[in-house]
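# Summary of structural features
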Amino acid sequence: MELKELKEAFAKAYGQEVSGIYFSPGRVNLIGEHTDYNGGHVFPCALSFGTYLLLAKNNLNKWRFKSLNLPEIIEVDVTDQPAILPNNAWANYVLGVLAQFIKNGTKVASGYDFLIWGNVPAGAGLSSSAALEVVTAYAMNDQLGTNLTRTQMALYGQAAEHEYAGVNCGIMDQFASAQGKVNMAINLDCATLDFELVPVELKGMKVVIANTHSPHKLDSGAYNARVAQCQEALKQIKALGLNIDNLAQLTQEQFDAVADKITDPVAKKRARHVVGEVKRTNDAIAALKQGDIVTFGRLMNGSHVSLRDDYEVTGPELDALAEAAWKIEGVLGSRMTGGGFGGCTVSIVKDEAIDRFIERVGAEYTAKTGLKADFYIAEIGDGARKL
Ligand code: GLA
């Protein structure tokens, strides 16, 4: 949708002109899955698609929220303690961020009209909710003159997700949406929030995203259960006398030495994934810096296998896509990306193999699952901004 159309839609919904337009992107994670809330590294990129937010003050003492994908306008009285809206209303992501400004001592005293439109495929695991949170944090920071850093905006988004959506997520998605840079991946240390931007220079290759359109979605229950299982593993390992603050600090050797003593078999598998994934991620980043995409791709495949067997977050659709991709000449690596269950895979594919990839992976996927996959060539874009 063009900006002009968005402005017209705003005027039509609210009977006043828009005063600010903002954008924040979705993300794709290249490697480092379910490591963020364990203090490990992640390696996501911001995408060129994301969420647009238009706003203007109103004199009604109300926050009004409208998504262009839905007919209704949601209204909330301006208050210092916004209550969570019922039925998992999408506006909770915006409200949850407003609540963070208030909690941190900034009055959001005036009413605002908000209009939202996004072009991140819904339910694809490409972080449309993080994009909405971060665009809200960016816009309100601009409106309220709060001088937040981009990292603080990401933290506001994460807190909104915890408190208003009930998902105990890590920081990866919001961070990528806030700090993304065109043609760069973000090597983020989730324990310290230090990061570096690493150029994604894939000569003669592309990052291809494949959407399962799976009816299985990542739900907060399955996600929060993984977070809790990792905490349980950490607790058991610490009780064995190892002085660590998070699972990502465990080396493979340390883990192997204590693994048999972790009594909960599920916690043990989860920890094995995290320890392996932390190492794969660091090795993959080093390989990319040296231009060694073959190694990078091999580590991506290893990540998928570990997420399938030890973390158990892939499911038949993501497995079908990844396994079909692995058979194709010209595919350097392929894995699920994001939280899992449904959503997307990310693959690195040679330019000359892209047509073959889309055709064969698409056909094999449909034969196995009865579903139709969608393919996008990822464009790595910038993080949150005013338009
Ligand atoms: C979701 C969460 C992230 C991260 C990924 C898995 O996208 O929001 O914080 O944990 O899953 O890597």
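Presented here is a report on the structure given in the accompanying data block. Since this is a predicted model, take the numbers as computed values, not measurements.

### Section: the layout of surface pockets
What the second largest pocket holds in volume is close to 170 Å³. Lining the second largest pocket we find N183, V200, L202, G204, M205, K206, V207, D351, I377, A378, E379 and I380. With three residues, strand 9 (residues 205–211) is the single largest residue contributor to the lining of the second largest pocket. A breakdown of the residues in the lining of the second largest pocket according to their chemical character gives seven nonpolar, two polar and three charged.

### Focus: the site of the ligand
Contacts to the ligand come from R27, E33, H34, D36, Y37, C169, G170, M172, D173, Y223, G338 and G339. In the environment of the ligand, an oxygen atom lies 2.5 Å from a nitrogen or oxygen atom belonging to the side chain of D36. Its residues assigned to classes, the shell around the ligand comprises four nonpolar, four polar and four charged.

### Quick notes on the packing of aromatic side chains
In the structure shown here, the tally under the stated rule is 12 aromatic pairs. Judged by centre distance (5.5 Å) and plane angle (70°), the rings of Y37 and Y223 are edge-to-face. Of this pair, Y37 sits in the loop between strand 1 (20–29) and strand 2 (41–42) while Y223 sits in helix 6 (residues 220–239), placing them 186 residues apart in sequence. Grouping residues by exposure puts Y37 and Y223 together as buried. One Lys or Arg, R270, reaches over the ring of Y311 and ends 5.9 Å from the middle of that ring.

### Focus: the sheet that holds strand 7 (residues 184–189)
With antiparallel pairing, the three strands of this open sheet are ordered in space as 2-7-8. Whereas interior strands pair on both sides, the edge strands pair on one side only; in this sheet they are strand 2 and strand 8 (195–199). Against the sheet, helix 8 (residues 265–289) touches strand 2, strand 7 and strand 8, its axis set at about 45° to strand 8.

### Comments concerning the sheet that holds strand 6 (residues 111–118)
The mixed open sheet is built from six strands, whose spatial order is 5-4-6-3-1-13. Each edge of the sheet is formed by a strand with only one pairing partner; in this case those strands are strand 5 (73–77) and strand 13 (385–386). Where helix 2 (residues 92–103) meets the sheet, its contacts fall on strand 4 (62–67), strand 5 and strand 6, and the angle it forms with strand 4 comes to roughly 145°. With respect to the sheet, helix 3 (residues 128–144) is in contact with strand 1, strand 3 (44–58), strand 6 and strand 13, its orientation differing from that of strand 1 by roughly 145°.

### Here's the deal with helix 8
Between the first and last C-alpha of helix 8 there are 37 Å, a value that for 25 residues agrees with the 36 Å anticipated at 1.5 Å per step. Two to three positions downstream of the cap, the backbone nitrogen of V266 sits 2.9 Å from a side-chain oxygen, assigning the N-cap of helix 8 to D264. Directly after helix 8, the chain includes G291, whose backbone phi takes a positive value near 75°.

### Section: the side chain of E133
Structurally, E133 can be placed in helix 3. Lacking a salt bridge, the buried E133 has R27 as its closest oppositely charged neighbour, with an N-O distance of 11 Å. A polar atom in the side chain of E133 sits 2.9 Å from the side chain of Q174.

### Here's the deal with the nonpolar core
Nonpolar side chains in soluble globular proteins tend to end up buried together. Counting residues in hydrophobic clusters, the biggest one holds 47 residues, and the most contacted among them are W63, F65 and F114. Counting residues in each nonpolar core, the second largest holds 31 residues, with L202, F296, C344 and A378 among its members.

### Focus on the side chain of T337
Within the fold, T337 resides in strand 10 (residues 331–337). Not counting residues up to four positions away in its chain, the partners in contact with T337 are V28, N29, E33, G125, C344, T345 and V346.

Reading guide: rules and limits
Residues numbered from 1 in each chain as written. Predicted model: local features only at pLDDT ≥ 70, side-chain atom pairs only at ≥ 80, totals over all residues. Heavy atoms only, no water. 1 Å grid on protein atoms, 1.4 Å probe; cavity = no way out; pocket = protein on both sides within 12 Å on 5 of 7 lines; lining within 4 Å. Points joined across faces, edges and corners; volume = space filled by probe spheres on them. Helix = DSSP H or I, 4+ residues; strand = E, 2+ residues; numbered from the N terminus. Nonpolar A, V, L, I, M, F, W, Y, C, P; charged D, E, K, R; others polar. Near = heavy atom within 4 Å. Polar contact = N/O pair within 3.5 Å; in protein donor to acceptor, adjacent residues only side chain to side chain. Phe/Tyr/Trp six-rings, centres within 6.5 Å; stacked < 30°, edge-to-face > 60°. Buried < 20%, exposed > 50% of the residue type's maximum accessible area, 1.4 Å probe, protein only. Lys NZ or Arg CZ within 6 Å of the ring centre and 35° of its normal. Pairing = 2+ DSSP bridges. Contact = heavy atoms within 4.5 Å. Axes fitted to C-alpha atoms, helices over the stretch in contact; angles between N-to-C directions. Expected span 1.5 Å × (residues − 1). Lys, Arg positive; Asp, Glu negative; His and termini not counted. Salt bridge = Lys/Arg side-chain N within 4 Å of Asp/Glu carboxyl O. Core = buried A, V, L, I, M, F, W, Y, C linked by side-chain atoms within 4.5 Å.

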